Amino acid sequence: MEYISSDTNVWLDFAEIEKLKLPFLLPYVYLMNDETVDDELLNPPELRGELLRLGLQKTELTEEEFYLAEILTSKYAKPFVYDCIALAIAKVRGLTLLTGDGPLRKAAAAEGVAVMGTIGILDQLHRGKYVEDEEYADCIQRLLDKNGGKVRLPGQELEIRLRKIRKI
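Remember, predicted model here, so these are calculated numbers, not experimental data. (Residues numbered from 1 in each chain as written. Predicted model: local features only at pLDDT ≥ 70, side-chain atom pairs only at ≥ 80, totals over all residues. Heavy atoms only, no water.)

S.K.: Teacher, can you tell me more about the side chain of R161 here?
M.R.: The topology assignment puts R161 in helix α9 (residues 155-166). By relative accessible area, R161 is classed as buried at 19%. Discounting residues that sit within four places of it in the chain, R161 has contacts with I119, D123, Y136 and I140. (Helix = DSSP H or I, 4+ residues; strand = E, 2+ residues; numbered from the N terminus. Buried < 20%, exposed > 50% of the residue type's maximum accessible area, 1.4 Å probe, protein only. Contact = heavy atoms within 4.5 Å.)

Okay, here's the thing in structure tokens:
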């Protein structure tokens, strides 16, 4: 099993399209700082409990991660404290960072940390045959339908995948 350091917004995307369980089909263990789980995963109210039930693992910061998160918070203006904590965990532990947050993705690139987001998870689910073509297309369509509201993904990337899978 591969460990992934997780931000919250990818989970919000999957919750919004009612497919929260799908990422847990992949051979990953998703880690999130225990304070982030308790403080940031508040809406919708059942999200925190459902993610923990599905397998999201709370993790405590090491001393090194704590100090790095402080440095990252002062170094980068946009990512918030919990974002920098997820980045610090990924960097110190050599993990991929799961996020769709633009400023956090830029900070991760500057720090040499690999990033994966909602679309990357869906692509892996499809390539690995964890989901069939129909479910993959349904997820993409639902994301497109919700895009611009709570979901904020690159619409063109979603459209490309939808056309490809539907062979339009």
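Here the narrative resumes.
S.K.: Would you mind going over empty space enclosed by the protein with me for this structure?
M.R.: Rolled over the atoms, a probe sized like a water molecule indicates the empty space that remains. What the rule picks out here adds up to one cavity of 30 Å³ or more. Considering only enclosed or pocket space, the largest cavity measures out at about 50 Å³ in volume. Of all the secondary structure elements, the ones that give two or more residues to the lining of the largest cavity are β1 (2-6), β2 (28-33) and α5 (81-93). Broken down by element, the lining of the largest cavity gets its largest block of residues, four residues, from α5. Classifying every residue of the lining of the largest cavity by side-chain character gives six nonpolar, four polar and one charged. (1 Å grid on protein atoms, 1.4 Å probe; cavity = no way out; pocket = protein on both sides within 12 Å on 5 of 7 lines; lining within 4 Å. Points joined across faces, edges and corners; volume = space filled by probe spheres on them. Nonpolar A, V, L, I, M, F, W, Y, C, P; charged D, E, K, R; others polar.)

S.K.: Any chance you could explain the packing of aromatic side chains here in plain terms?
M.R.: Both the distance between ring centres and the angle between the ring planes are used here to describe each pair of aromatic rings. Throughout the structure, instances matching the rule amount to five aromatic pairs. Here the aromatic rings of W11 and F24 are separated by 5.1 Å at their centres, their planes lie at 20 degrees, and the arrangement is stacked. With W11 in helix α1 (residues 9-16) and F24 in the loop between α1 and β2, this pair connects stretches of sequence that are 13 residues apart. Of the two residues examined, W11 and F24, each falls in the buried class. Ring plane angle 80 degrees and centroid distance 5.3 Å describe the contact between F24 and Y30, whose orientation is recorded as edge-to-face. Judged by relative accessible area, Y30 falls into the buried class, the value being 0%. (Phe/Tyr/Trp six-rings, centres within 6.5 Å; stacked < 30°, edge-to-face > 60°.)

S.K.: Help me understand the packing of helix α8 (residues 133-146) against α9 in this model?
M.R.: Geometrically, a packed helix pair is captured by the angle between its two axes and the distance between the axes. Running from amino to carboxyl end, α8 crosses α9 at an angle of 150 degrees, the nearest separation of the two axes being 10 Å. Taken together, the axes of α8 and α9 lie roughly antiparallel to each other. α8 and α9 meet at a crossing whose hand is left-handed. On the side of α8, the interface is formed by D133, Y136, A137, I140, Q141, L143 and L144, while α9 contributes G155, L158, E159, R161, L162, I165 and R166. (Axes fitted to C-alpha atoms, helices over the stretch in contact; angles between N-to-C directions. Parallel < 35°, antiparallel > 145°, perpendicular 65-115°, else oblique. Left-handed = near helix turned anticlockwise from the far one by under 90°.)

S.K.: What exactly am I supposed to notice about α5 here?
M.R.: Each turn of an α-helix holds 3.6 residues, which means side chains three or four residues apart point in the same direction. An ideal rise of 1.5 Å per residue puts 18 Å on 13 residues; α5 measures up with 18 Å between its terminal C-alpha atoms. Residues of α5 that are buried: D83, C84, I85, A86, L87, A88, I89 and A90. Positioned one or two residues after α5, G94 has a phi angle of 70 degrees, which is positive. (Expected span 1.5 Å × (residues − 1).)

S.K.: Teacher, can you tell me more about the layout of surface pockets here?
M.R.: A volume near 570 Å³ is recorded for the largest pocket. As for the largest pocket, its lining consists of 22 residues, and the residues nearest its centre are T8, N9, L12, K150 and R152. Going through the elements one at a time, α1 and α6 (102-110) are the ones with two or more residues in the lining of the largest pocket. Per-element accounting of the lining of the largest pocket gives the leading share, five residues, to α1. Considered class by class, the residues forming the lining of the largest pocket number seven nonpolar, six polar and nine charged. The computed volume of the second largest pocket comes to approximately 160 Å³.

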